[in-house]
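Chain by chain, the residues:
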Amino acid sequence: MRVGELNERDRSVLALEGRQWRTAGAKERAIREELGLSSTRYYQLLNALLDREEALAFAPVLVNRLRRVRQARRDAR
């Protein structure tokens, strides 16, 4: 992998985050089963991805929406 490229796990995290969830707990179950990650680790990776231009190029609508949500939460503190 070249510097500046998203790896398969990064792309999978973004793809999972972009999905719609019908029931409570379904997303956490998918994180464990599909990615083999704890929820805590998943959100750490996702937050780090939001700061990467490669993630923005890969999923611009999703990344911009999540950046706005993150900033709103920070501003509310």
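Located above this text is the structure these notes cover.
Residues numbered from 1 in each chain as written. Predicted model: local features only at pLDDT ≥ 70, side-chain atom pairs only at ≥ 80, totals over all residues. Heavy atoms only, no water.

Asks: Where do I start with the overall build of the chain in this structure?
Replies: The number of helices and strands found in the chain is five helices and zero strands. At 13 Å, the chain has a C-alpha radius of gyration in line with the 11 Å of a compact globule built from 77 residues. Considered along the principal axes of its C-alpha atoms, the chain spans approximately 35 × 30 × 20 Å. Here the chain holds 77 residues, and the buried ones make up 30% of them. Carbon together with sulfur atoms contributes 49% to the accessible area of the chain, which is approximately 5400 Å² in total. (Helix = DSSP H or I, 4+ residues; strand = E, 2+ residues; numbered from the N terminus. Rg over C-alpha atoms; globule rule 2.2 N^0.38 Å. Buried < 20%, exposed > 50% of the residue type's maximum accessible area, 1.4 Å probe, protein only. Areas by Shrake-Rupley, 256 points an atom, 1.4 Å probe, with all protein chains shown as cover.)

Asks: I tried to follow the pattern of salt bridges on my own but got confused; where do I start?
Replies: Opposite charge on two side chains permits pairing when their charged atoms draw close. Tallied over the full model, the rule gives seven salt bridges. Here E17 ties to K27 by a salt bridge, and the two come within 2.8 Å at their closest N and O atoms. Taken together, the residues span a long stretch of sequence, with E17 in helix α1 (residues 8–17) and K27 in helix α2 (residues 26–35) at a distance of ten residues. Across the pair, K27 and E17 agree in class, each one buried. Salt-bridge contacts for E34 lead to R19; the nearest nitrogen and oxygen are separated by 2.9 Å. On the criterion of sequence distance, the pair formed by E34 in helix α2 and R19 in the loop between α1 and α2 is long-range, its members being 15 residues apart. Residue classification places E34 among the partly exposed residues on the basis of a relative accessible area of 47%. On the accessibility criterion, R19 (37% relative accessible area) is partly exposed. (Salt bridge = Lys/Arg side-chain N within 4 Å of Asp/Glu carboxyl O.)

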